[in-house]
Amino acid sequence: MAKETTAGAQIRLEGISKHYPNSIALDDVSLDIKAGEFMTLLGPSGSGKTTTLNLIAGFASLTTGDVYIDNKLMNDVPVHKRELGIVFQHYALFPHMSVAANVAFPLQQRKVDKAEIAQRVTAALEVAGLHGFESRLPAELSGGQQQRVALARALVFEPRVLLLDEPLGALDKKLREDLQLELRRIHREVGRTFVFVTHDQEEALTLSDRIAVFNSGKIEQVGTAQELYDTPKTRFVAEFIGDSTVIKNDSSNTVTIVRPERGQLLADESSAKPGMPTVPVTVRQAIYLGSGWKFEIVLPDGTPGVIRSNTGLEWLGEAENRAFLTWAPAVAPELPA
Ligand code: ADP
């Protein structure tokens, strides 16, 4: 959670758009990011996340709208005067400079004196978990260590905002998960505002105070991981965050979203609790996970779904695999189809 007093800046986007001759990258997006918050911009490829980050940084010009940082209008302020720390996948390290020299670079540009540079570089390397790597060249580091150097370099001049565009995108799963935990720790330690772009919903759920879900150049919903999971406002959000079984309601042009742990499979329809709906399903696979069971199901119209349970289905027929899915309507959102 964001601290009550924070060194991070507040960011306000008001109706921002970015049009290109043949495409609309971003379409009238508004977003309030709190001081010290870890805000993740989440969405599929091409949904406008990087464009939003570029507009905050000043790398691209606005077609419409306003960008405010701490209530100051930024529209015409050049990139270097916005005082933002930036960690992008393409923002490479200087290959001929040592780790320490890479991290010192932003301070030298700002004409900070030598003794202070030495002290701040040491502190930034410490925060980024790079103690002992000072004299190595980037080529002598792993991908994860290189991203830590990029992070230290972005933090060393104590910017009030850090912009991160898929910084873990090139790393393998294990390293990625380690660095996710590190990023959370660093965010807590430095108390700055982090704006983080990813297309990976698990990464977003792990890291963020709040998540803005992007789709086709617009924000569909902003909320905590739990709000997005429990009360999605659109079908897109429900399907993008977490697993679900999507049941079409023919009479009303809506769908009902049943989360895996909120549905139950029954041997016969009559054992459903009063008031609880049922649909016939076929169980394709029953997978034992140690902590419980996962059932891959198929609805009568061919739609696949998934249900989790602490117990197995002893009654399930080998040949037929027929069951009934039931759920409590109160915990299954009904959304426009
Ligand atoms: P994301 O970061 O979510 O993957 P982007 O913000 O990079 O998405 O892109 C959003 C949309 O804008 C995409 O359809 C992309 O093709 C388009 N776009 C981005 N940059 C340009 C550009 N320089 N010229 C034309 N179209 C662009």
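Residues numbered from 1 in each chain as written. Predicted model: local features only at pLDDT ≥ 70, side-chain atom pairs only at ≥ 80, totals over all residues. Heavy atoms only, no water.

## Notes on the site of the ligand
Stage number 1. As a structural note, the neighbourhood of the ligand is formed by Tyr20, Ser23, Ala25, Pro44, Ser45, Gly46, Ser47, Gly48, Lys49, Thr50 and Thr51.
Stage number 2. Within the backbone of glycine 46, one N or O atom sits 2.7 Å away from an oxygen atom of the ligand.
Stage number 3. A distance of 2.5 Å separates an oxygen atom of the ligand from a polar side-chain atom of threonine 51.
Stage number 4. The fraction of the free accessible surface of the ligand (570 Å²) that becomes covered by protein chains is 58%. (Near = heavy atom within 4 Å. Polar contact = N/O pair within 3.5 Å; in protein donor to acceptor, adjacent residues only side chain to side chain. Areas by Shrake-Rupley, 256 points an atom, 1.4 Å probe, with all protein chains shown as cover.)

## Focus on the side chain of arginine 176
Stage number 1. Of note, arginine 176 is situated in helix 5 (residues 173-190).
Stage number 2. In this structure arginine 176 comes out as buried when scored by relative accessible area, which is 12%.
Stage number 3. Those residues in contact with arginine 176 that lie beyond four places of it in its chain are Leu168, Gly169, Leu171, Thr198, Asp200 and Glu203. (Helix = DSSP H or I, 4+ residues; strand = E, 2+ residues; numbered from the N terminus. Buried < 20%, exposed > 50% of the residue type's maximum accessible area, 1.4 Å probe, protein only. Contact = heavy atoms within 4.5 Å.)

## Observations concerning the packing of helix 2 (residues 99-109) against helix 3 (residues 114-127)
Stage number 1. Between helix 2 and helix 3, whose axes approach to 9 Å, the crossing angle comes to 120°. Comparing their axes, helix 3 and helix 2 come out oblique. For the pair helix 2 and helix 3, the crossing hand works out as right-handed. Here Val99, Ala100, Val103, Ala104, Leu107 and Gln108 of helix 2 lie close against helix 3, whose contacting residues are Ile117, Arg120, Val121, Ala124 and Leu125.
Stage number 2. Of the residues belonging to the contact of helix 2 with helix 3, the class tally is nine nonpolar, one polar and one charged. (Axes fitted to C-alpha atoms, helices over the stretch in contact; angles between N-to-C directions. Parallel < 35°, antiparallel > 145°, perpendicular 65-115°, else oblique. Left-handed = near helix turned anticlockwise from the far one by under 90°. Nonpolar A, V, L, I, M, F, W, Y, C, P; charged D, E, K, R; others polar.)

## A closer look at the packing of aromatic side chains
Stage number 1. Summed over the entire model, instances satisfying the criterion amount to seven aromatic pairs.
Stage number 2. Between phenylalanine 38 and phenylalanine 196, the aromatic rings sit 5.7 Å apart at their centres with planes inclined by 50°, giving tilted as the arrangement. Note that phenylalanine 38 is positioned in strand 3 (residues 38-42) and phenylalanine 196 in strand 8 (residues 193-198), a separation of 158 residues in sequence.
Stage number 3. Note on tyrosine 288 and tryptophan 293: the rings are 5.2 Å apart at their centroids and 55° apart in plane angle, and the pair reads as tilted.
Stage number 4. Three or more aromatic residues joined by ring pairs form one cluster here, namely Phe38, Phe194 and Phe196.
Stage number 5. Looking at arginine 110, its charged tip hangs above the ring of phenylalanine 157, at a distance of 3.8 Å from the centre.
Stage number 6. The ring of phenylalanine 94 has arginine 153 sitting right over it, with the charged end atom 5.4 Å from the ring centre. (Phe/Tyr/Trp six-rings, centres within 6.5 Å; stacked < 30°, edge-to-face > 60°. Lys NZ or Arg CZ within 6 Å of the ring centre and 35° of its normal.)

## Quick notes on the environment of threonine 193
Stage number 1. When you line up the elements, threonine 193 lands in strand 8.
Stage number 2. Residue threonine 193 is classed as buried on the basis of its relative accessible area of 0%.
Stage number 3. A C-alpha to C-alpha distance of 4.0 Å links threonine 193 and glycine 36, two positions 157 residues apart in sequence.
Stage number 4. Setting aside anything within four residues of it in sequence, one finds threonine 193 in contact with Gly8, Ala9, Ile11, Ile33, Lys34, Ala35, Gly36, Glu37, Arg160, Val161 and Leu162.
Stage number 5. One polar contact links the side chain of threonine 193 to the main-chain amide nitrogen of glycine 36, over a distance of 2.9 Å.

## Some thoughts on the domain arrangement of the protein chain
One widely used convention gives an interface's size as the accessible area the parts lose upon coming together.
Stage number 1. For the protein chain, the domain assignment lists domain 1 (11-236) and domain 2 (243-336).
Stage number 2. Look at where the C-alpha atoms of domain 1 and domain 2 centre, and you get two points 39 Å apart.
Stage number 3. Across the boundary between the two partners, domain 1 contributes seven residues, which contact nine residues of domain 2.
Stage number 4. Of the roughly 720 Å² buried between domain 1 and domain 2, counting both surfaces, carbon and sulfur atoms make up 50%.
Stage number 5. When residues of domain 1 are sorted by the area they lose upon contact with domain 2, Tyr229, Pro232 and Arg235 head the list and together hold 77% of the total.
Stage number 6. Taken together, the links from domain 1 to domain 2 amount to one salt bridge.
Stage number 7. Two residues, aspartate 230 and arginine 262, come together in a salt bridge whose shortest N-O distance is 2.9 Å.
Stage number 8. Summed over the shared surface of domain 1 and domain 2, the result is three residue pairs in polar contact (both at pLDDT 80 or more).
Stage number 9. Considered class by class, the residues forming the side of domain 1 that touches domain 2 number three nonpolar, one polar and three charged. (Domains from an automatic or database assignment. Buried area = accessible area lost by both parts, 1.4 Å probe. Salt bridge = Lys/Arg side-chain N within 4 Å of Asp/Glu carboxyl O.)

## Here we look at the sheet that holds strand 12 (residues 254-258)
Stage number 1. Spatially, three strands are ordered 11-12-18 in an open sheet, and the strand pairing comes out antiparallel. Edge positions in the sheet fall to strand 11 (245-249) and strand 18 (334-336), since each has one partner strand and no second. Shown here is a sheet whose adjacent strand axes are inclined to one another by a mean of 35°, direction ignored.
Stage number 2. Pairing of strand 11 with strand 12, which is carried by five bridges, proceeds in the antiparallel orientation. (Pairing = 2+ DSSP bridges.)

## A word on the nonpolar core
Stage number 1. Formed by 35 residues in total, the largest nonpolar core has its most connected members in Val103, Leu151, Leu164, Leu183 and Phe194.
Stage number 2. Elements supplying a minimum of two residues to this core: helix 2, helix 3, helix 4 (143-155), strand 7 (161-165), helix 5 and strand 8.
Stage number 3. Setting aside its immediate chain neighbours within four residues, phenylalanine 194 contacts Glu37, Phe38, Met39, Leu162, Leu164, Leu183, Ile186 and His187.
Stage number 4. Formed by 26 residues, the second largest nonpolar core is a distinct cluster that contains Ala9, Met74, Val197 and Ala212. (Core = buried A, V, L, I, M, F, W, Y, C linked by side-chain atoms within 4.5 Å.)

## Some thoughts on the sheet that holds strand 7
Stage number 1. Strand order across the open sheet formed by six strands is 6-7-8-3-9-10, with mixed pairing between neighbours. Of all the strands in the sheet, just strand 6 (84-88) and strand 10 (218-223) have a single pairing partner and so form its edges. Shown here is a sheet whose adjacent strand axes are inclined to one another by a mean of 15°, direction ignored.
Stage number 2. Contacts from helix 5 reach strand 3, strand 7 and strand 8 within the one sheet, and its direction differs from that of strand 8 by about 160°.

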